[in-house]
Amino acid sequence: MTDRNREDVPKAEATSPSRRDFMKGSVAVGAGIVGAGALARGEDGSSVLGRVFGPSAAHAATTKGELAAHVPPGKLDHYYGFWSGGQSGEIRIMGVPSMRELKRIPVVGRDAATGWGRDDWSKELLGGRDSGDTHHVHLSYTDGTYDGRYVFVNDKANARLARVRCDTMEVDAITDIPNSQGTHGIFPQRNKTGLVLCNAEFRTPQPNDGRDLDDPTAYGAMHTAIDGETMEVKWQVLIEGNLDLCATDYQGKYSFATCYNSEGGTNLAGMMASDRDYLYVFDIPAIERAVKAGKTIKVGDGSVPVVDARGGNDSHVQRIPIPKSPHGVNIDPTGRYAVCSGKLSPTVSVVAIDKLGDVFAGKIKPRDAVVAEPEVGLGPLHTAFDGRGNAYTSIFIDSVVTKWNIDKAIQAFNDESVDPIIQKLDVHYQIGHINASMSETKDADGKWLIALCKFSKDRFLPVGPLHPENDQLIDISGEEMKLVHDGPAYPEPHDAVLVRRDMIHPSKIDPRTGPRYDYYNKLAKEDGVDLLTANKVIQKGKGRVRVYVVSVAPAFVLGEFRVKTGDEVQVIQTNLDGVEDLSHGFCMSNHDVNMVVNPRATNSITFTAGAPGVYWYYCPWFCHALHLEMRGRMIVEA
Ligand code: CUK
Ligand code: CUA
């Protein structure tokens, strides 16, 4: 195998202050390689839409290799889609292929509908920080496929990892990641619910305590391992470059991180100076041996062991040179290849995972693990797979999805007469993430592809300066990709996974287990009450009052309670209705107090009683023909 250190990677040339123009400028040389004008344009989306939503759309399979996206009323979708919510701090559950939004799970932000971020339990979890930026959602795995237990998601804004239980679809744990800023790529191990690896995108002084403020060469970033069961931070690896997207292999041996700023730059020009950056490969067992042997350093409060892997390749970390400023890294469903998207290079680099052992052993050069580098278009970001040997790369600048064949790309690496590119399909517009049904598992089934487009421009009715995103659904069951649906989304989903519906088993009523109930059972024990029967006011002293209330449609069993003005009032409500879809809630008039209480759940909220007077509390969730009558009085005395 020859060393394919190519010299034809484009040089950065800033031609415009606008980021998109800037990117176009920077790949202008690349355009010469690819032949931008010769790029095959995909078919016109609207004609496909017309065909799919025509008279025959209600039938399951229209023609051979074509799936129907229309799910008739009363019928259920075949896939759960878990979408990150970006700046909304949410996860969204979509039905696929209908693209119906089924639910929003508030994670790291406040939610007026449910009271998340305002009720006591979620405030405890959030630790006072109730905004965020969720980018990457991944489910827990066992044996290379989803085990239906948890959904993990990062909060880039506050360097946190959150976990959602798949039975309640509610967050049950949030972990702060030390020594990190911009926690971006995350990925769980795929052999079992083991570690969740988390990348810090921003390099900072280590520790960030006022030292090295003006010496960026001393900055570093952490690759952090969190136990997916306990959500405890187990260890960190300190790296000199930034860490962007994350992936894991199928064996539990390696984790991966792309690095777009090996230069250590602190501004745009500095970050784009070199033609090569890296795919970092972490040897997890080797790191754990080092941790066990105490070959670690202390950073900050020293609560987490840190393996210092800055500077050069060693037994813990190898650096595979990748052109240029790579972004996404995705592992194909066979587990054999890591596909790295060049972002500022028109190429994706295919790394053979079975060669990494030789790289770590020093038998081959890191770059020799690259076995293909097809040219896929300008601005490749992320790649999905169909389980039939094909890959689908999102191309940001060209606004296309490029379908290419992995085996052919490997042949083409040594034989220029082979063309691995199968099709380019226009998407609308500026696609970021892409994912296919079950693509991140060994069960990739090649049915649906979703394209998360960053700009919708003219695709929807104009709604003011803030546009919807455009999440497009593409049928990949046949030879040709076919665009079948435009899905407006509130900003800003970054990533999504499509999970077969038989793998998810949500509960219909609250199972009353987990840390939420550790919290409430503790309060009840302290007050000597039973949450399922308590309707009473308990004076806690120093102007603090706890009000236990049970609700059964259509009534609060506690119809009134008395407090003093200025009291800190904690209302703890338990919904006794064990009936599917029968949520109640608690809203206190003119007190900025509102929360949901789901079937058989307990929830609570704390507020300060206002000026003397009568205040009606009511159930804000339509629950019964006499729902409007479901209310009571808080009597506030002077
Ligand atoms: S990132 Cu947004 S398009 Cu946060 Cu996964 Cu690539
Ligand atoms: Cu209970 Cu409305």
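Provided above is the structure to which this section pertains.
S.K.: Explain the overall build of the protein chain to me, please; I cannot follow it from the model alone.
M.R.: Helix and strand content of the protein chain: nine helices and 39 strands. Looking at the 638 residues of the protein chain, the share that counts as buried comes to 60%. Within the protein chain, counting contacts between residues at least 6 apart in sequence, those at least 24 apart form 60% of the total. Summing over all exposed atoms, the protein chain offers an accessible surface of approximately 24,800 Å²; the carbon and sulfur share of this is 52%.

S.K.: Please explain the pairing of strand S34 (residues 568-575) as it appears in this structure.
M.R.: Looking along a regular strand, one sees side chains alternate from face to face of the sheet. Of all eight residues in S34, seven are buried; the element is thus mostly enclosed. Strand direction decides the pairing type here: strand S31 (residues 544-552) and S34, joined by eight bridges, are parallel. For Val550, the partnering residue across the bridge sits in S34 and is Thr574.

S.K.: Before we go on, may I ask you to explain the environment of Val196 in this structure?
M.R.: Secondary-structure assignment places Val196 in strand S9 (residues 195-202). A C-alpha to C-alpha distance of 8.7 Å links Val196 and Met231, two positions 35 residues apart in sequence.

S.K.: Quick question: what am I supposed to make of the site of ligand 1 here?
M.R.: By nearness alone, every residue bordering ligand 1 is listed as His135, His136, His184, Leu245, His327, His382, Gly432, His433, Lys454 and His494. Per-class residue counts for the shell around ligand 1 are one nonpolar, eight polar and one charged.

S.K.: Can you help me understand the sheet that holds strand S5 (residues 145-155) in this one?
M.R.: Working definition: the strands of a sheet are paired by backbone hydrogen bonds and lie parallel or antiparallel to each other. Across the sheet, which stays open at both edges, the four strands sit in the order S4-S5-S6-S7 with antiparallel pairing between neighbours. The open sheet is flanked by strand S4 (137-142) and strand S7 (170-176), the only strands paired with a single partner. Averaged over all pairs of adjacent strands, the angle between their axes in this sheet comes to 30 degrees, without regard to strand direction.

S.K.: Hey, could you run me through helix H9 (residues 515-527) in this one?
M.R.: Residue pairs spaced three or four apart in an α-helix point in one direction, given the helix's 3.6 residues per turn. Here H9 spans 19 Å end to end across 13 residues, near enough to the 18 Å set by a 1.5 Å rise per residue. Within the sequence span of H9, burial applies to Arg516, Tyr517, Tyr519, Tyr520, Leu523, Ala524 and Asp527. Projected onto a plane normal to the axis of H9, the buried residues spread over an arc of 155 degrees and lie on a single side. H9 presents Asp518, Lys522 and Lys525 as exposed residues on the side facing more than 90 degrees away from its buried surface. Buried-residue contacts for H9 involve helix H4 (120-126), S7, strand S30 (536-541), S31, S34 and strand S37 (602-608). Just beyond H9, the residue with positive phi is Gly528, at close to 65 degrees.

S.K.: Please explain the packing of aromatic side chains as it appears in this structure.
M.R.: Aromatic rings considered in pairs are described by the distance between their centres and by the relative angle of their planes. Applying the stated rule across the entire model yields 14 aromatic pairs. Taken together, a centroid distance of 6.0 Å and an interplanar angle of 75 degrees make the contact between Phe556 and Phe586 edge-to-face. Here Phe586 lies in strand S35 (residues 584-588) and Phe556 lies in strand S32 (residues 555-556), a separation of 30 residues in the sequence. Each member of the pair Phe556 and Phe586 is classed as buried. Taken together, a centroid distance of 5.2 Å and an interplanar angle of 70 degrees make the contact between Phe556 and Tyr617 edge-to-face.

S.K.: I'm lost on the nonpolar core in this one. Help?
M.R.: Among soluble globular proteins, nonpolar side chains are generally buried collectively. Counting residues in each nonpolar core, the largest one holds 59 residues, and the members touching the most others are Phe82, Ile91, Val237 and Phe282. If we skip the residues at most four places from it in the chain, Ile91 touches Phe82, Trp83, Lys103, Arg104, Ile105, Val107, Val137, Val151, Val153 and Val164. One finds Val545, Val547, Leu582 and Met595 within the second-largest nonpolar core, a separate group that totals 27 residues.

S.K.: For this particular structure, what's the right way to read the environment of Ala221?
M.R.: On the secondary structure map, Ala221 appears in strand S10 (residues 221-227). For the pair Ala221 and Arg203, spaced 18 residues apart in the sequence, the C-alpha separation amounts to 4.7 Å. In contact with Ala221, other than residues within four places in its own chain, are Ala200, Phe202, Arg203, Gln206, Val237, Leu238, Ile239, Gly241, Asn242 and Leu243.

S.K.: Looking at this model, I keep getting lost on unusual backbone geometry. Mind explaining?
M.R.: A negative phi holds for most residues other than glycine; trans holds for most peptide bonds. Residue Pro207 is reached from Gln206 by a cis peptide bond, and omega for that bond is -5 degrees. In this fold, Pro207 is placed in the loop between S9 and S10. The omega torsion across His428 and Tyr429 is -5 degrees, close enough to zero to call that bond cis. Note that Tyr429 resides in the loop between strand S24 (421-426) and strand S25 (431-436). Despite not being glycine, Asp581 has its phi angle at roughly 75 degrees, a positive value. The class for Asp581 is exposed, based on a relative accessible area of 72%.

S.K.: Is there a simple way to explain the side chain of Gln236 in this structure?
M.R.: Within the secondary structure layout, Gln236 lies in strand S11 (residues 233-239). Accessibility expressed as a relative area gives 0% for Gln236, which makes it buried. There is a polar contact of 3.0 Å between the side chain of Gln236 and the side chain of Asn179. Excluding its chain neighbours within four sequence positions, the residues that come into contact with Gln236 are Ile177, Pro178, Asn179, Ser180, Met222, His223, Thr224, Val304, Pro305, Val306 and Val307.

S.K.: Quick question: what am I supposed to make of helix H6 (residues 284-292) here?
M.R.: Among all positions in H6, only Ile284, Ala286, Ile287 and Ala290 are buried. All buried residues of H6 fall inside an arc of 160 degrees around its axis, so they share one side. Residues of H6 that are exposed and point more than 90 degrees away from the buried face comprise Arg289 and Lys292. Where H6 is buried, its residues contact S9, S11, strand S13 (254-259), strand S14 (277-283) and strand S15 (306-308). At the N-terminal end of H6, a side-chain oxygen is found 3.1 Å from the backbone nitrogen of Ala286, two or three residues along, and the residue is Asp283.

Conventions we followed
Residues numbered from 1 in each chain as written. Chains lettered and ligands numbered in written order. Predicted model: local features only at pLDDT ≥ 70, side-chain atom pairs only at ≥ 80, totals over all residues. Heavy atoms only, no water. Helix = DSSP H or I, 4+ residues; strand = E, 2+ residues; numbered from the N terminus. Buried < 20%, exposed > 50% of the residue type's maximum accessible area, 1.4 Å probe, protein only. Contact = heavy atoms within 4.5 Å. Areas by Shrake-Rupley, 256 points an atom, 1.4 Å probe, with all protein chains shown as cover. Pairing = 2+ DSSP bridges. Near = heavy atom within 4 Å. Nonpolar A, V, L, I, M, F, W, Y, C, P; charged D, E, K, R; others polar. Axes fitted to C-alpha atoms, helices over the stretch in contact; angles between N-to-C directions. Expected span 1.5 Å × (residues − 1). Arc of directions from axis to C-beta. Phe/Tyr/Trp six-rings, centres within 6.5 Å; stacked < 30°, edge-to-face > 60°. Core = buried A, V, L, I, M, F, W, Y, C linked by side-chain atoms within 4.5 Å. Polar contact = N/O pair within 3.5 Å; in protein donor to acceptor, adjacent residues only side chain to side chain.

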